[in-house]
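Notes for the structure review
Here are the chains, one letter per residue:
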Amino acid sequence: QQFRGNMARIALELTFLADSVPARDLDKFLAQLQHISKMMGGSFSVPEMWINSDKPGTTANTPGQRMRSSLEKDIVDHSMAISRKPKDKQELAQAYWLRGSAHADLRQAELAWADLTQALALQPSMAVYHMTLASIQVQRGQFQAAIEQLEQARTLGYDAGEVAYQRGQTYYQMGQYRQAL
């Protein structure tokens with residue numbers, strides 16, 4: 001009975017744990033949860049879909065899996081747009097930027113770099129492309145080049161407060177704490 005009073009806290013902890021378990025250990029983890037549930041008189045349930053979450057053909061059910069799946073779909077969609085070779089430079093640049101941004105979110109810095117440099121070659125005056133490229137340069141450890149991209153974005157009209165924040169974060173990662181302020 002006392003256990004049932006703590007359901008919200010336990011549900012939160014189980015969600016956190018389930019999202020942080022490597023896929024190869026998920027079946028074992030969920031079987032243990034089912035066993036615990038039975039021992040406690042069925043005080044909480046472990047849905048069958050959780051147990052099959054890492055099997056081919058099943059729906060991704062953790063936020064991380066859903067986000068990854070969405071980004072991978074975006075990459076496919078933008079790759080199709082690029083392969084159509086639109087005559088409009090702006091449309092093509094945007095497709096490269098969007099695909100590069102998805103690669104960046106997946107921590108695929110080299111693929112992101114390739115797409116973002118293509119976007120900038122097509123539309124060098126797009127401040128947001130410079131901001132995105134700066135974040136990739138930070139991932140690649142190219143801090144000074146990132147600061148130059150941030151300055152270019154500010155010159156092109158990107159929000160000065162956001163540029164200052166990102167520049168400060170970059171200086172901090174470089175260990176230049178005074179300049180980070």
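In this report, we go over the structure that sits alongside the text. (Residues numbered from 1 in each chain as written. Predicted model: local features only at pLDDT ≥ 70, side-chain atom pairs only at ≥ 80, totals over all residues. Heavy atoms only, no water.)

The next subject is the nonpolar core. Grouped together as the largest cluster of nonpolar side chains are 16 residues, with contacts concentrated most on L116, Y129 and I136. At the level of secondary structure, the elements contributing two or more residues to this core comprise α4 (63-83), α5 (89-105), α6 (109-122) and α7 (127-139). Here this core gets 6 residues from one element, more than from any other, and that element is α5. Look past the residues within four positions of Y129 in its chain and what remains in contact with it is Q90, A93, Q94, W97, A119, L120 and Q123. Ranked by size, the runner-up nonpolar core spans 8 residues in total, among them M131, A134, A146 and V163. (Core = buried A, V, L, I, M, F, W, Y, C linked by side-chain atoms within 4.5 Å. Buried < 20%, exposed > 50% of the residue type's maximum accessible area, 1.4 Å probe, protein only. Helix = DSSP H or I, 4+ residues; strand = E, 2+ residues; numbered from the N terminus. Contact = heavy atoms within 4.5 Å.)

Attention shifts here to the packing of α5 against α7. At a minimum axis separation of 11 Å, α5 and α7 run at an interaxial angle of 30°. Between α5 and α7, the angle falls in the class roughly parallel. Judged by the sense of rotation from one axis to the other, the crossing of α5 with α7 is left-handed. Together, Q90, A93, Q94, W97, S101 and A104 of α5 and V128, Y129, T132, I136 and Q139 of α7 make up the contact between the two elements. (Axes fitted to C-alpha atoms, helices over the stretch in contact; angles between N-to-C directions. Parallel < 35°, antiparallel > 145°, perpendicular 65-115°, else oblique. Left-handed = near helix turned anticlockwise from the far one by under 90°.)

Here we take up the pattern of salt bridges. Under the defined criterion, the tally for this structure stands at 6 salt bridges. One salt-bridge network, in which partners are shared between bridges, spans E151, R154 and R167. (Salt bridge = Lys/Arg side-chain N within 4 Å of Asp/Glu carboxyl O.)

Take unusual backbone geometry next. Look at K85: it is not a glycine, yet its phi comes out positive at around 50°. K85 sits in the exposed class, given a relative accessible area of 64%. Backbone geometry places R107, a non-glycine residue, at a positive phi of 65°. Topologically, R107 is positioned in the loop between α5 and α6.

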